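Residue-level structural notes
Letter by letter, the chains look like this.
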Amino acid sequence: MEEKTHKKYLELTSDIVFKEFMMSEKTKEFKADLLNAITKIPVKELLKAEFSSNELVGNSKDDKVFKTDILVQVKNKNILILEMNKYFYDGIMAKTHQYASRILSSELEKGENYIDIKEVIEISFNDFKVMEHNRLINELAITNISTGKRVSEMNWRGFQIDLKTIEDKCYNKEEEKIVYLFKIFSNDEKVVESLEGKNKNMDKALNELERISNDKEIIGLYDVEAVERKVYNSKMKTAERIGMENGMKKGLEKGLKKGLEQGKLEMIKNMILNKVDDTIIMNSAKINEEKLKQIKSEM
């Protein structure tokens, strides 16, 4: 029996690989299935969507340049912002939302009215747990706190995709149909390999991921990204170690100081009990008369 050839798949959670994969025409059907599972936008509309790797420049030369991984234009109805987040940091959700706010503001400015405005949808694929609920797809929206109903006129929705739940949670048969699409984001090559031969859209996507994974230029960029990640992790660990060392040093100094003060107090109390002259006690312990009276009153 002929052995199955082991295929090479780079991590789709890599920023470089994610962008190349999402910009490929060969993954069109898979992307439509995936984004439909998240947003419920019809597949036929998503198949006609335009994907671009984009930068949004401000209105003046002093404005910042806002970067996102992928921008998706769906007909005249939706603008999707796709972000791959490999690591968590404080402010990560605010960063993507800042970009979405700028796009929504631009739509409001150029529109003929405030009704036919495109809906802006943020979708963040996170390779870490970001929500307290153990859910794969977490939908966010602006809601009326009193009623709990979505304020649809705000024309914004957000989705936080918690990819770690694929590994940590068991799903029922109905849920598995959706989870199956997200398993391609697994960092375990065996999990990705297990997806082969079950769905033609997935197979086309896997073939493209394999091509990307063997592209020398992509591999070079992937390696650079990996090095940068290691440098960042090393810096964080160094900062953490220095912080711990400084904390330990301050703790020891504080403890030593407290110990010396306690020892000094015990010495003073013993001298008082042994009826040593007050002047000798004050000179030996380097305290004033008021402090000595306080210690005597507390005994």
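One can find the structure itself at the top, above this paragraph.
Predicted model only: the values in this text are computed from it and were never measured.

**With respect to the sheet that holds strand E7 (residues 137–141)**
- Read from one edge to the other, the open sheet built from 6 strands follows the order E1-E4-E5-E6-E8-E7, with strand pairing classed as mixed. Either end of the sheet is taken by a strand with one partner, and the two such strands are strand E1 (50–52) and E7. Going across the sheet, the axis of each strand differs from the next one's by a mean of 20°, ignoring polarity.
- Note that strand E4 (residues 70–74) and strand E5 (residues 78–85) share 5 bridges and pair antiparallel. Bridge pairing in E5 links leucine 71 to isoleucine 81.
- Relative to the sheet, helix H1 (residues 15–23) contacts E1, E4, E5 and strand E6 (119–126), its axis offset from that of E5 by approximately 150°.
- Across the sheet, helix H2 (residues 28–39) touches E1, E5, E6, E7 and strand E8 (156–162), and the angle it forms with E6 is around 105°.

**What about the packing of H2 against helix H8 (residues 200–213)?**
- Where H2 contacts H8, the axes come no closer than 8 Å and their chain directions differ by 120°. When the axes of H2 and H8 are compared, the pair comes out oblique. Considering only the axes of H2 and H8, their crossing is left-handed. In this structure, H2 uses Glu29, Phe30 and Asp33 to contact H8, whose residues at the interface are Asn201, Met202, Lys204 and Ala205.
- Residue classes in the contact of H2 with H8 are distributed as 3 nonpolar, 1 polar and 3 charged.

**Points about H8**
- Taking 1.5 Å of rise per residue, 14 residues should cover 20 Å, and H8 covers 20 Å from first to last C-alpha, within 8% of that figure.
- Asn201, Met202, Ala205, Leu206, Glu208, Leu209, Ile212 and Ser213 are the residues of H8 that are buried. Down the axis of H8, the buried set is contained in an arc of 165°. They therefore lie on one face.
- Where H8 begins, the capping side chain belongs to asparagine 199, and its oxygen is found 2.9 Å from the backbone nitrogen of asparagine 201.

**Section: the side chain of asparagine 138**
- The residue asparagine 138 is located in strand E7 in this model.
- Among the polar contacts listed, one links the side chain of asparagine 138 to the backbone oxygen of arginine 135, at a separation of 3.1 Å.
- Excluding anything up to four places from it in sequence, asparagine 138 contacts Met131, His133, Gly158, Phe159, Gln160 and Asp162.

What counts as what
- Residues numbered from 1 in each chain as written.
- Predicted model: local features only at pLDDT ≥ 70, side-chain atom pairs only at ≥ 80, totals over all residues.
- Heavy atoms only, no water.
- Pairing = 2+ DSSP bridges.
- Helix = DSSP H or I, 4+ residues; strand = E, 2+ residues; numbered from the N terminus.
- Axes fitted to C-alpha atoms, helices over the stretch in contact; angles between N-to-C directions.
- Contact = heavy atoms within 4.5 Å.
- Parallel < 35°, antiparallel > 145°, perpendicular 65-115°, else oblique.
- Left-handed = near helix turned anticlockwise from the far one by under 90°.
- Nonpolar A, V, L, I, M, F, W, Y, C, P; charged D, E, K, R; others polar.
- Expected span 1.5 Å × (residues − 1).
- Buried < 20%, exposed > 50% of the residue type's maximum accessible area, 1.4 Å probe, protein only.
- Arc of directions from axis to C-beta.
- Polar contact = N/O pair within 3.5 Å; in protein donor to acceptor, adjacent residues only side chain to side chain.

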